[in-house]
Amino acid sequence: MKLTLLGTGGPLPDPDRHGPAAMLQIGNKYLLFDAGRGVALQIVRAGIPLKRVNPIFITHHHYDHIGDLADVILTSWIQGRKHPLKIFGPPGTMSIVKALLDQVYNKDIEFRSKGELAISWTPGEGTDLMEGLVHDGGNWKVFAEVVKHGHGLDFPSAFKEQWVCLGYRVEAEGKVIAISGDSIACEGLDRLARDADVLVLCCYLAQAEITNPYMEHLAKDMIACSDTVGKIAKQARVKKLVLTHFGPKPRAMMEEIASDVALDYDGHVILGTDLGEMLV
């Protein structure tokens with residue numbers, strides 16, 4: 001298996017990092033996790049044929065994780081994808097895919113799929129998920145767990161019921177790869193990461209950046225940062241920790257992250273970079 005980090009940034013534009021996205025190659029299958037800013041270009045830069053990408057697993061519906069989903073659906077189609085593109089994600093994923101194809105890009109699809117130079121339309125298909133086994137590829141399986149991302153904030157109860165965030169656990173070739181999405185330490189994250197060979201985990205801030213009440217709130221309730229990621233990996237007995245989803249920061253602050261994590265976790269740590277590749 002080969003893991004490629006296509007984008008390791010977050011919602012704020014960063015010239016060094018694209019939006020959140022990771023590709024896992026298992027044999028001749030390419031599984032995409034999230035579809036952030038610039039993902040289609042990054043797939044091409046990684047030498048992966050867009051038409052081969054299928055399925056896609058979405059962790060949650062923040063725009064930095066789904067902003068270029070339509071680009072992957074449409075560009076893979078016009079570059080020769082012959083089968084429906086399966087898109088799995090938390091409740092609401094089906095509606096998002098339907099809106100993109102039936103309302104936002106319906107004229108574009110009709111333009112390209114009719115007439116003398118028509119390309120036969122091959123759709124994307126959204127599926128809503130919760131926890132459990134969500135896809136069985138025969139020699140590989142994908143499981144989902146519900147994780148906490150902003151659930152401690154003071155949202156109306158109606159919104160909280162709809163705000164479902166997922167992490168994924170892939171089991172293949174006798175190995176386990178866990179992908180956190182955006183999460184803080186929680187039971188769901190611990191279950192998906194338990195004894196993983198690789199945990200791809202968000203790490204938005206270094207400890208030195210948590211300097212005011214807003215940043216403290218973000219690190220406590222929104223997204224794991226360097227004060228907790230090592231503890232998460234140690235508790236789950238993770239063999240290799242790959243950090244991603246960094247906020248814009250200078251190189252020296254990335255070195256701070258490595259030092260922070262080493263206080264809690266003595267395993268192999270990789271500070272993710274765009275197009276960084278590793279065999280699993």
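Quick look at the structure, then.

Cut-offs and rules
- Residues numbered from 1 in each chain as written.
- Predicted model: local features only at pLDDT ≥ 70, side-chain atom pairs only at ≥ 80, totals over all residues.
- Heavy atoms only, no water.
- Helix = DSSP H or I, 4+ residues; strand = E, 2+ residues; numbered from the N terminus.
- Rg over C-alpha atoms; globule rule 2.2 N^0.38 Å.
- Buried < 20%, exposed > 50% of the residue type's maximum accessible area, 1.4 Å probe, protein only.
- Contact = heavy atoms within 4.5 Å.
- Areas by Shrake-Rupley, 256 points an atom, 1.4 Å probe, with all protein chains shown as cover.
- Salt bridge = Lys/Arg side-chain N within 4 Å of Asp/Glu carboxyl O.
- Axes fitted to C-alpha atoms, helices over the stretch in contact; angles between N-to-C directions.
- Parallel < 35°, antiparallel > 145°, perpendicular 65-115°, else oblique.
- Left-handed = near helix turned anticlockwise from the far one by under 90°.
- Expected span 1.5 Å × (residues − 1).
- Arc of directions from axis to C-beta.
- Nonpolar A, V, L, I, M, F, W, Y, C, P; charged D, E, K, R; others polar.
- Patch = residues over 30% accessible without salt bridge, like charges linked within 9 Å, V, L, I, M, F, W, Y side chains within 5 Å.
- Lys, Arg positive; Asp, Glu negative; His and termini not counted.
- Charge placed at Lys NZ, Arg CZ, Asp CG, Glu CD.
- Polar contact = N/O pair within 3.5 Å; in protein donor to acceptor, adjacent residues only side chain to side chain.

### Side note on the overall build of the chain
Phase 1: Helix and strand counts for the chain come out as ten helices and 14 strands.
Phase 2: The C-alpha atoms of the chain give a radius of gyration of 18 Å, which matches the 19 Å a tight globule of 280 residues would have.
Phase 3: Each of the three principal axes of the chain carries a C-alpha extent, and together these read 65 × 45 × 35 Å.
Phase 4: Here the chain, with 280 residues, has 52% of them falling under the buried criterion.
Phase 5: If you take every contact in the chain between residues at least 6 apart in sequence, the share linking residues at least 24 apart comes to 67%.
Phase 6: Just so you have it, the chain exposes about 12800 Å², and 54% of that area is on carbon and sulfur atoms.

### Overview of the pattern of salt bridges
Phase 1: Tallied over the entire structure, the rule returns 13 salt bridges.
Phase 2: Salt-bridge contacts for Lys 86 lead to Glu 125; the nearest nitrogen and oxygen are separated by 2.7 Å. Placement of the pair is Lys 86 in strand β5 (residues 85-89) and Glu 125 in strand β6 (residues 124-128), with a sequence separation of 39 residues.
Phase 3: The class for Lys 86 is partly exposed, based on a relative accessible area of 33%.
Phase 4: Across the pair Arg 112 and Asp 108 runs a salt bridge, and its minimum N-O distance is 2.4 Å. Here Arg 112 pairs with Asp 108, and both are found in helix α5 (residues 106-113), just four residues apart, close to one helical turn.
Phase 5: Each of the salt bridges in this network shares a partner with another, and the network as a whole consists of Glu 145, Glu 187 and Arg 191.

### Brief notes about helix α3 (residues 69-78)
Note on helix geometry: an α-helix contains 3.6 residues per turn, so any two residues three or four positions apart are oriented the same way.
Phase 1: The buried fraction of α3 amounts to seven of the ten residues, a majority that puts the element mostly inside the structure.
Phase 2: Listing the buried residues of α3 in full gives Leu 69, Ala 70, Val 72, Ile 73, Leu 74, Ser 76 and Trp 77.
Phase 3: Count one or two residues on from α3 and you reach Gly 80, which has phi positive near 115°.

### Overview of the packing of α3 against helix α4 (residues 93-104)
Phase 1: Contact geometry for α3 and α4: axes closest at 11 Å, N-to-C directions at 55°. Compared by their axis directions, α3 and α4 come out oblique. The two elements α3 and α4 meet at a crossing, and its hand is right-handed. Across from Leu 69, Ala 70, Ile 73 and Leu 74 in α3, the residues of α4 making contact are Val 97, Leu 100 and Leu 101.

### Digging into helix α10 (residues 251-262)
Phase 1: Spanning twelve residues, α10 covers 17 Å between terminal C-alpha atoms, matching the ideal 16 Å at 1.5 Å per step.
Phase 2: Of all the positions in α10, only Met 253, Met 254, Ile 257, Asp 260 and Val 261 are classed as buried. Buried residues of α10 fall within an arc of 115° about the axis and therefore sit on the same side. Turned more than 90 degrees off the buried face of α10, the exposed positions are Arg 251, Glu 255 and Ala 262.
Phase 3: Among the structural elements, α9 (229-236), β12 (240-244) and β13 (268-271) are those in contact with the buried residues of α10.

### Some thoughts on the packing of α3 against α5
Phase 1: Across the interface, α3 lies against α5 with an axial gap of 12 Å and an inter-helix angle of 0°. When the interaxial angle is binned, α3 and α5 end up roughly parallel. Residue-level contacts link Leu 74, Trp 77 and Ile 78 of α3 to Ile 109, Arg 112 and Ser 113 of α5.
Phase 2: Among the residues forming the contact of α3 with α5, the class breakdown is four nonpolar, one polar and one charged.

### Focus on a positive patch on the surface
Phase 1: A cluster of basic residues, Lys 29, Lys 51, Arg 52 and Lys 82, forms a positive patch at the surface.
Phase 2: Along the chain, Arg 52 turns up in the loop between α1 (39-45) and β4 (53-57).

### Description of the side chain of Thr 122
Phase 1: With respect to the helices and strands, the residue Thr 122 is situated in the loop between α5 and β6.
Phase 2: Contact partners of Thr 122, with chain neighbours within four places excluded, come to Trp 77, Arg 81, Lys 82, His 83 and Pro 84.

### Here's the deal with the environment of Asp 64
Phase 1: Checked against the element boundaries, Asp 64 lands in helix α2 (residues 63-66).
Phase 2: In the structure, Asp 64 is positioned 17 residues away from Arg 81 in sequence and 25 Å away in space, judged by C-alpha atoms.
Phase 3: Look past the residues within four positions of Asp 64 in its chain and what remains in contact with it is Gly 10, Pro 11, Gly 19, Pro 20, Gly 36, Arg 37 and His 245.
Phase 4: Only 3.4 Å separates the side chain of Asp 64 from the side chain of His 245, close enough to count as a polar contact.

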